[in-house]
Protein chains: 2
Amino acid sequence: MEEFKVHILGCGSANPLGRHLPASQVLGMRGKLFMVDCGEGTQTRLARQGLHMNRLGHIFISHVHGDHCFGLPGLVSTMGLLGRSAQLHIHGPRELQPFLDATLSVFCQQLTFPVLFHAVDTTVHTLVYEDRSLQVYSLPLNHRVPTCGYLFREREGQRHINRSVTDAYDIPLFALNSIKAGADWTLPDGTLVPNERLTTPPSPTRSWAYVSDTRVKDDLAPLLQGVDLLYHEATFLQADLFRAKQTYHSTASEAGRIARMAHARRLCIGHFSARINTPQLEHLLLSEAQAEFPHTLLADEGLTLSL
Amino acid sequence: MEEFKVHILGCGSANPLGRHLPASQVLGMRGKLFMVDCGEGTQTRLARQGLHMNRLGHIFISHVHGDHCFGLPGLVSTMGLLGRSAQLHIHGPRELQPFLDATLSVFCQQLTFPVLFHAVDTTVHTLVYEDRSLQVYSLPLNHRVPTCGYLFREREGQRHINRSVTDAYDIPLFALNSIKAGADWTLPDGTLVPNERLTTPPSPTRSWAYVSDTRVKDDLAPLLQGVDLLYHEATFLQADLFRAKQTYHSTASEAGRIARMAHARRLCIGHFSARINTPQLEHLLLSEAQAEFPHTLLADEGLTLSL
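Sequence order as written defines residue numbering, which begins from 1 separately in each chain. Ligands are numbered from 1 and chains lettered from A, in the order in which they are written. Per-residue local features are limited, in this predicted model, to residues with pLDDT of at least 70; the limit for side-chain atom pairs, both in listing and counting, is 80 or more; totals at the level of whole chains, interfaces and linings are taken over all residues. Side-chain numbers here rest on the full set of heavy atoms in the structure, without hydrogens or water.

A. Local environment of the pattern of salt bridges. Every case where a carboxyl oxygen of Asp or Glu lies within 4 Å of a side-chain nitrogen of Lys or Arg is listed as a salt bridge. Counted by the stated rule, this structure contains 27 salt bridges over all chains. Across the salt bridge formed by Glu254 of chain A and Lys245 of chain A, the nearest N and O atoms sit 3.7 Å from each other. Given the relative accessible area of 5%, Glu254 of chain A is considered buried. Only protein chains enter the accessibility calculation, which uses a 1.4 Å probe. A residue is then buried if its area is under 20% of the maximum for its type, exposed if over 50%, and partly exposed in between. Of the residues examined, Lys245 of chain A reaches a relative accessible area of 39% and is grouped as partly exposed. Close ionic contact of Lys217 of chain B with Asp219 of chain B constitutes a salt bridge, the shortest N to O distance being 3.5 Å. Each of Arg30, Glu154 and Arg206 of chain A takes part in one network of salt bridges that share partners.

Below you can see the structure in the form of structure tokens.
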């Protein structure tokens, strides 16, 4: 099975003096990289985690708060210095465009590659990108500025040939592609061999949802049914519930509730507030999330999760 | 004597994967901080070096290349998150303004303090800032885009009272301020005591010049006469002289020559190219500079030079 790995480059909140770096995560899939959010210093983290920026073709931005965006100018400039030629696609709320435009016109007049901006409507759940093996959907969130999360869903592949069966029936190689696609086979004597005897089901598809920053939204759960990995922000402890509501963030317990309602396989929590400034407090957050959803882990820089 | 310290936050060139961080240096003087250049990650370095951003009132930008500017959005935003109320002054080439404007309008709509931009004419040597104790002058440089360095010169203070002499003459306290300012004193019998007997000279003034990025410019030397610390870029080894000229940078040997011609007290070299990727190569650069000017040292992150 091909790789489907989520790399955590930064999982802090807007607190540059804290234990964590500003937000950025990367999905590695079939040799390609897809980034969500790009806080200051992201280009350095990419290098340190051995992720080559020439494999990165698409960046998805959740919202225009600096701790999710301020790594973009440096990353784009460095790609230029390295002589990149491939297109770079940046998807995000339309509010991002003036900042991107100014960055490009002031600093990147001789850029060697095109940067294409795609405005994402943060108010609807819709397909924002697809290729042969992946679909990416927006997830409307509820924050102080227009914000959406992203759901990455691997597309279903073809069925797998059961070679011992196809060999026994002397099925020629040229027929295998249509059998992978679901066709039956007719023997010389007219007997029909149903596809289910010749193949096994396609590999299960994998999925990752990125949900940050947001007030808890129970209506996300139906959109996330059965997701393999849910990253959900957990800025505050339950004791700070009032502050979470006030600042349009979630508590760890609320993140756990969404994972439970969505029947997620695994929950990863991050975006810890400046108040969560010790490992002990992070573990308290973890306990609160696990009380709702046991299969939870804490995000951390350098962590990679293979799905 | 009050502090006059230069802190090196980053001294690399535009190579995020290198041994060094992008450009930023800070002068600490009488409790205030003055920054020159602000590469990506500068706010984190400030914190790590124990420099409080609420002491920072003025930032001077040499030119609009990303490795000298991309820390500005994060630094300004964080000042806002921390509830700063004091004005922040940013001095730099006028080309910087559209990037600053976009950053402020997209990310900082509720900023708690004013950011004032002052365009610097990079083509002339002129006073760009002064207060009671400091003057800052622009230094026209020769790079691929409009660029200037900055010369920070402490203003001469008052003379120091020689208490044993003023006590012997029974000079009252209220008279000491005018004596510090240079006045003589007349005794009750009409005898004049000249100021030189009552005071010692003011503390020597200190100065720091920041010269990056530029092709070597011999006509800088007269502007830098006797500077206590000259920071001069030294991107290349002498073997790469052609490449230095081509990219509008200097070699270590050229930096040493300027320090010698300027009769500087001390030279600090930095902005090493991506080719200078080992301590051995840095020491080769150092040797080349020292052949011209012995009192040279290599810049490094975390280094502080007290003048």
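B. Quick peek at the pairing of strand E14 (residues 207-211) of chain A. Residues and elements named next belong to chain A. E14 sits mainly inside the fold: five of its five residues count as buried. We count a stretch as a helix when DSSP gives it H or I for four or more residues in a row; a strand needs E for two or more, and each element gets its number in order from the N terminus. By the alternation rule, side chains of E14 split into Ser207, Ala209 and Val211 and Trp208 and Tyr210, which are all buried. Strand pairing is assigned whenever DSSP identifies at least 2 bridges connecting the two strands. By the bridge criterion, four bridges tie strand E9 (residues 148-154) to E14 in an arrangement that is antiparallel. Residue pairing across strands places Phe152 opposite Trp208, the latter belonging to E14. Where E14 lies against strand E15 (residues 229-233), four bridges are found, and the strand directions are parallel. From the neighbouring strand, Ala209 faces E15, where its bridge partner is Leu230.

C. Focus on unusual backbone geometry. Residue and element names in this part refer to chain A. Look at the link from Ser212 to Asp213: it is a cis peptide, with omega at -5°. Note on placement: Asp213 falls in the loop between E14 and E15. Look at Asp170: it is not a glycine, yet its phi comes out positive at around 55°. Assignment of secondary structure puts Asp170 in the loop between helix H4 (163-168) and helix H5 (176-180). What makes Asp170 exposed here is its relative accessible area of 68%.

D. Molecular detail of the relation of the copies chain A and chain B. The copies were overlaid by least squares, fitting only the C-alpha atoms of residues that reach a pLDDT of 70 or more in each copy. Rotating chain A by 179° and translating it 0.1 Å along the rotation axis places it on chain B, where the RMSD comes to 0.2 Å. Those values place the two copies in the arrangement expected of a two-fold rotation axis. Contacts are assigned to residue pairs with any non-hydrogen atoms lying within 4.5 Å of each other. When you check the interface residues of chain A against chain B, 100% turn up at the interface there too, and the contact is symmetric in its surfaces.

E. Spatial organisation of the interface of chain A and chain B. With 28 residues of chain A at the interface, the matching set in chain B holds 28 residues. Two parts lose some accessible area (1.4 Å probe) when they are put together, and adding that loss for both gives the buried area. A buried area of about 2200 Å², summed over both sides, lies between chain A and chain B, and 75% of it is on carbon and sulfur atoms. Here chain A and chain B share zero salt bridges between them. Pairs of N or O atoms within 3.5 Å make up the polar contacts considered here, provided that, within protein, one atom can donate a hydrogen while the other can accept it, and that residues adjacent in sequence are counted only when both atoms are side-chain atoms. Here chain A and chain B share four residue pairs in polar contact (both at pLDDT 80 or more) between them. Of all the secondary-structure elements, those providing two or more residues to the side of chain A that touches chain B are helix H1 (42-48), helix H2 (72-81) and helix H3 (97-107) of chain A. The biggest single contributor to the side of chain A that touches chain B is H3 of chain A, with six residues. Grouping the constituent residues of the side of chain A that touches chain B by class yields 15 nonpolar, eleven polar and two charged. For this classification, Asp, Glu, Lys and Arg are treated as charged, while Ala, Val, Leu, Ile, Met, Phe, Trp, Tyr, Cys and Pro are nonpolar and the rest, including Gly, are polar.

F. Here's a closer look at the nonpolar core. We call a set of buried Ala, Val, Leu, Ile, Met, Phe, Trp, Tyr and Cys residues a nonpolar core when their side-chain atoms join them within 4.5 Å. In this structure, Ile90 and Leu96 of chain A together with Ile90 and Leu96 of chain B are the most contacted members of the largest nonpolar core, which totals 58 residues. Not counting chain neighbours up to four residues away, the residues in contact with Ile90 of chain B comprise Ile59, Ile61, Leu72, Leu96, Leu100, Val115, Leu116, Phe117 and His118 of chain B.

G. Quick peek at the layout of surface pockets. All names here are of chain B. Its volume calculated, the second largest pocket comes out at about 430 Å³. Points on a 1 Å grid over protein atoms alone make up a cavity when a 1.4 Å probe fits among them but cannot get out, and a pocket when they form an open set with protein on both sides within 12 Å along at least five of seven lines; lining residues each have an atom within 4 Å of a point. In terms of lining, the second largest pocket is formed by 21 residues, of which the most central are Glu2, Arg30, Gly157, Gln158 and His160. Partitioned by chemical class, the residues of the lining of the second largest pocket number four nonpolar, six polar and eleven charged. Grid points are joined across faces, edges and corners, and a volume is the space filled by probe spheres set on the points.

H. Here's a closer look at the sheet that holds strand E9 (residues 148-154) of chain B. Residues and elements named next belong to chain B. Strand order across the open sheet formed by seven strands is E7-E8-E9-E14-E15-E16-E17, with mixed pairing between neighbours. This sheet does not close on itself; its edge strands, each paired only once, are strand E7 (127-130) and strand E17 (296-298). Geometrically, the sheet is characterised by an average inter-axis angle of 20° between neighbouring strands, direction not taken into account. What counts as an axis is a line fitted to C-alpha atoms, over the stretch in contact for a helix, and the angles between N-to-C directions run from 0 to 180 degrees.

I. A look at empty space enclosed by the protein. Per the counting criterion, the structure on display carries two cavities of 30 Å³ or more. A volume near 40 Å³ is recorded for the largest cavity. Lining the largest cavity are Leu72, Pro73, Val76, Ile90, Phe99, Leu100, Thr103, Leu104 and Val115 of chain A. When residues of the lining of the largest cavity are traced back to their parent elements, those giving at least two are H2 and H3 of chain A. Sorting elements by how many residues they give to the lining of the largest cavity places H3 of chain A first, with four residues. Along the lines of polarity and charge, the residues of the lining of the largest cavity split into eight nonpolar, one polar and no charged. Around the second largest cavity, the lining residues are Leu72, Pro73, Val76, Leu100, Thr103 and Leu104 of chain B. Elements represented by at least two residues in the lining of the second largest cavity include exactly helix H2 (72-81) and helix H3 (97-107) of chain B. For the lining of the second largest cavity, a count of residues per class yields five nonpolar, one polar and no charged.

J. Inspection of the packing of aromatic side chains at higher detail. Pairing of aromatic side chains requires ring centres within 6.5 Å, counting the rings of Phe and Tyr and the six-membered ring of Trp. Pairs whose planes differ by under 30 degrees are stacked, by over 60 edge-to-face, and all others tilted. Tallying each qualifying case throughout the model produces 21 aromatic pairs over all chains. Each ring, one from Phe152 of chain B and one from Trp208 of chain B, has its centre 4.8 Å from the other, and the planes form 25°; the classification is stacked. Taken together, the residues Phe152 of chain B in strand E9 and Trp208 of chain B in strand E14 (residues 207-211) connect sequence positions 56 residues apart. Overall, the relative accessible area of 0% leaves Phe152 of chain B in the buried class. One aromatic cluster is present, formed by Phe34, Phe60, Tyr129, Tyr150, Phe152, Trp208, Tyr210 and Tyr231 of chain A through successive ring pairs. Here, a charge over a ring is recorded when the distance from Lys NZ or Arg CZ to the ring centre is within 6 Å and its angle to the ring normal is within 35 degrees. For the cation-ring pair, Arg84 of chain A lies above Phe113 of chain A, with the distance from its terminal atom to the ring centre recorded as 5.4 Å.

K. Layout of helix H9 (residues 279-292) of chain B. Residues and elements named next belong to chain B. Between its first and last C-alpha atoms H9 spans 20 Å; for 14 residues at 1.5 Å apiece the expected length is 20 Å, and the two agree. By the burial criterion, the buried members of H9 are Glu282, Leu285, Leu286 and Ala289. Down the axis of H9, the buried side of the element spans an arc of 100°, and every buried residue falls inside it. Projecting away from the buried face of H9 at angles above 90 degrees are the exposed residues Gln280 and Ala291. At its buried positions, H9 is contacted by helix H8 (252-261), strand E16 (266-270) and E17. By this rule the span expected of a helix is its residue count minus one, scaled by 1.5 Å. Throughout, the arc means that of the directions going from the helix axis to the C-beta atoms.

Read these as geometric descriptors, not functional statements.
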